[in-house]
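# Examination of the molecular architecture
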Amino acid sequence: MSLIRLDTICRSYEMGVETVHALRGVSMSIERGEYVAIMGPSGSGKSTLMNVLGCLDTPTTGSYELNGHSVGEMDDDELADIRNREIGFVFQTFNLLARSTALRNVELPLIYAGMDLDERREVALAALQSVGLGDRVLHRPNEMSGGQRQRVAIARALVNQPSLLLADEPTGNLDTRTGNEILELFDNLYASGHTLLVVTHEEAVARRSRRIIRIRDGLIASDERLP
Amino acid sequence: MNVLDETMEGARIAWDAIRANKLRSVLTTVGVVIGIVTVSLMATALEQLDRSFRDAISFLGTDVLYVDQREWFIDSDRRWEQAGKRSKITLLQARALERDLGMVRGVAPTVTANIDSARHAGRSSGSVMLIGTTEQFLTTGGNTLAVGRFMTKAEADGSRDVCVIGFDIAEKLFPGESPLGQILHLGERTATVIGVFTKRGTVFGQMSLDSQVIIPIGKIIREFRWDPSCTIQVKVGDTARIETAKEEVRGLMRKIRRIAPGRPDDFAINQQEQLVGQFGKVSAVIATCGFFITGLSLFVGGIGIMNIMFVSVAERTREIGIRKAIGARRRTILFQFLLEAAAICLLGGLLALGFVTAAIAIARQYIPGITLSISVVILALGVALVTGIVSGFLPAWRASRLSPVEALRQE
């Protein structure tokens, strides 16, 4: 069974009197262990698609199944639980809590999952070590470089062992060298069996994946598998 | 997510938020501080009032019944007149009650008379309250003797010319000498002093318990008041049994006074409780007015909290988005902001208690014995907590309903 199955997903917004159709019937499926890039110019509906895939938003019509869960009919709290268990987010602007240490940032999903203190500390430390930040656990985001912050974000995304890692322009705020380090980390995650979905507008970033889905005007324009 | 972790996490966030905006948090609490200060001072004043009142009426004794012609509190003129027409309670009736009543500590009939002066060796005391009673009065009245002894049963029954005097009279008439064995002139009559009561102070700053003179009841009826109505003091000795005792006294008195079945009582059984009840009505009015005013200041404080919480939610919209994205439920966000509002208010409550402690320390110089009681502290912190939760609810609720997409979009 596919990890992700989208069936004619539509998403429209009311903007004043106008209705904006951001997605006009997107259907696709993604298997476990795939490394997929989603590309498209701004206004293409790529962000909306990412929000739907990340269970941050629900489709107006169409059905979305994630890891066997039918997401379309869920209420806010159920969606929060799904995000907590099934999805790890990596954002362009890192989105760490500024006043909390790296360790506390990584612990947060575990707190929401209800894990107790000792276990949580251990798991969070292991996650930080796995992204090479074992010596930075008590630093706050403003004491770290951009690359380090993004590693903390990746550690936070992975700490709950989600079925899907969803990255939105993960290298957008990083210089080329640091961006490459993050992409290497993604390569390793792919190699170890994680499912990765990267939203980007950079061709070079997309080329690191194994499948590129291009979005245009709220529809899939192409779905290309790389060798 | 378990409750303890949720609380810990919420408390930590609240503390971080308050620390990050120290000045703002302190300014916000000012309104709450004023509210809590007024609540605490109000409650302390009421407590003090209540304590003074209870102290003042403690001479009546919580376990003493006063069988009297009239009720202490009569709420209509008509009933007051009717009560005045009742037949007197005679000494014989009092004796009969004393004889038939079992299971009480003491029964003492009393008759009072005011005389212009008590005199000794050219010194005069001014107006004095004479109380004629029996040897049982020592038990029922709760007096203790400073020196000498109380009258004996033989002296009471024989209506001897003996008296026990209050502390003030002893001081005034017998300065520097022992009053025991001395002759005291009571109006036209005399009595030998056999004892002096310990100092007891005044009731409501007026009626002094220390300028009384106690003489045998036979003597007062013979020499000072002809055909009086007695008040019979019944010391039950156990507050738990007071209601049973009251019924027993009532039954006996009806029998003694030959009241036909179905006719109402023509006597009253009074007790301290009635005074407490009357005072309760007064203090309830004071409390209602006071707490209405303090409620207003708390309301203003609460609005301040609500305002600042809206600001806090607006500033931290992105944080809310992040938390929601990684799995925070609505309830978690709601709880987080409620806790923050509650924490700010509790902080205000603690600050207020600091001021109140200082205020009470100053007040103690003028009102001895005034203290900040634990119940006032609990009340103050409780009110602070409730103010925080009530005024934080709307902002917190709004935060909890934010859509994660919208929230994350915020810069």
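Above: the structure in question.
Each chain has its residues counted from 1, running along the sequence as written. Chain labels run from A onward and ligand labels from 1 onward, assigned in the order the entries are written. With pLDDT at 70 or above as the cut-off, local features in this predicted model cover only qualifying residues; side-chain atom pairs require 80 or more to be listed or tallied, and sums for whole chains, interfaces and linings still use all residues. By convention in this description, side-chain values take in all heavy atoms of the structure and omit both hydrogens and water.

## Comments concerning the pairing of strand β2 (residues 106-115) of chain B
Residue and element names in this part refer to chain B. Heads up, the condition is: Buried residues are those whose accessible area, probed at 1.4 Å on protein chains only, stays under 20% of the maximum for their type, while exposed residues exceed 50% and partly exposed ones sit between those limits. Per the convention used, a helix needs a DSSP run of H or I reaching at least four residues, while a strand needs a run of E reaching at least two, with both numbered from the N terminus. Should DSSP find at least two bridges between two strands, the strands are taken to pair.
A large share of β2 lies buried, amounting to eight of its ten residues. Relative to strand β13 (residues 231-235), β2 is paired through five bridges, and the arrangement is antiparallel. The partner of Val107 across the bridge, within β13, is Val234. Alignment of β2 against strand β5 (residues 128-133), held across five bridges, turns out to be antiparallel. When the bridges of β5 are listed, Asn114 appears paired with Met129.

## Remarks on the nonpolar core
Filter applied, for reference: Definition used in this section: a nonpolar core is a set of buried Ala, Val, Leu, Ile, Met, Phe, Trp, Tyr and Cys residues joined via side-chain atoms within 4.5 Å.
Ile4 and Tyr64 of chain A are the most contacted members of the largest nonpolar core, which has 70 residues in total. At eleven residues, the largest contribution of residues to this core is made by helix α12 (residues 330-363) of chain B.

## Some points on the sheet that holds strand β5 (residues 69-70) of chain A
All names here are of chain A. Keep this limit in mind: Only heavy atoms enter the contact rule, under which two residues are in contact if any of them lie within 4.5 Å. Interaxial angles span 0 to 180 degrees and are taken between N-to-C directions of axes, which are lines fitted to C-alpha atoms, for helices over the stretch in contact.
Pairing within the open sheet is antiparallel, and its four strands lie in the order β2-β1-β4-β5. The sheet is open, and its two borders are formed by β2 (18-30) and β5, each paired with just one other strand. Two elements, strand β1 (residues 4-15) and strand β4 (residues 61-66), share five bridges in a ladder whose sense is antiparallel. Bridge assignment links Ile4 to a residue of β4, and that residue is Leu66. Against the sheet, helix α1 (residues 46-53) contacts β1, β2 and β4, and its axis sits at roughly 60° relative to β2.

## Here we look at helix α4 (residues 117-130) of chain A
Since the α-helix advances by 3.6 residues per turn, residues separated by three or four positions end up pointing in the same direction. Put simply, the rule is: Take the number of residues in a helix, subtract one, and multiply by 1.5 Å to get its expected span. The directions considered for the arc are those from the helix axis to the C-beta atoms.
Spanning 14 residues, α4 of chain A covers 20 Å between terminal C-alpha atoms, matching the ideal 20 Å at 1.5 Å per step. Every buried residue of α4 of chain A is listed here: Arg120, Ala124, Ala127 and Leu128 of chain A. End-on, the buried residues of α4 of chain A take up no more than an arc of 95°, which puts them together on one face. Residues of α4 of chain A that are exposed and angled more than 90 degrees away from the buried face: Asp118, Glu122, Gln129 and Ser130 of chain A. Buried residues along α4 of chain A sit in contact with α3 (102-113) and α5 (146-158) of chain A together with α1 (3-20) of chain B. Phi turns positive, to about 80°, at Gly132 of chain A, one or two residues after α4 of chain A.

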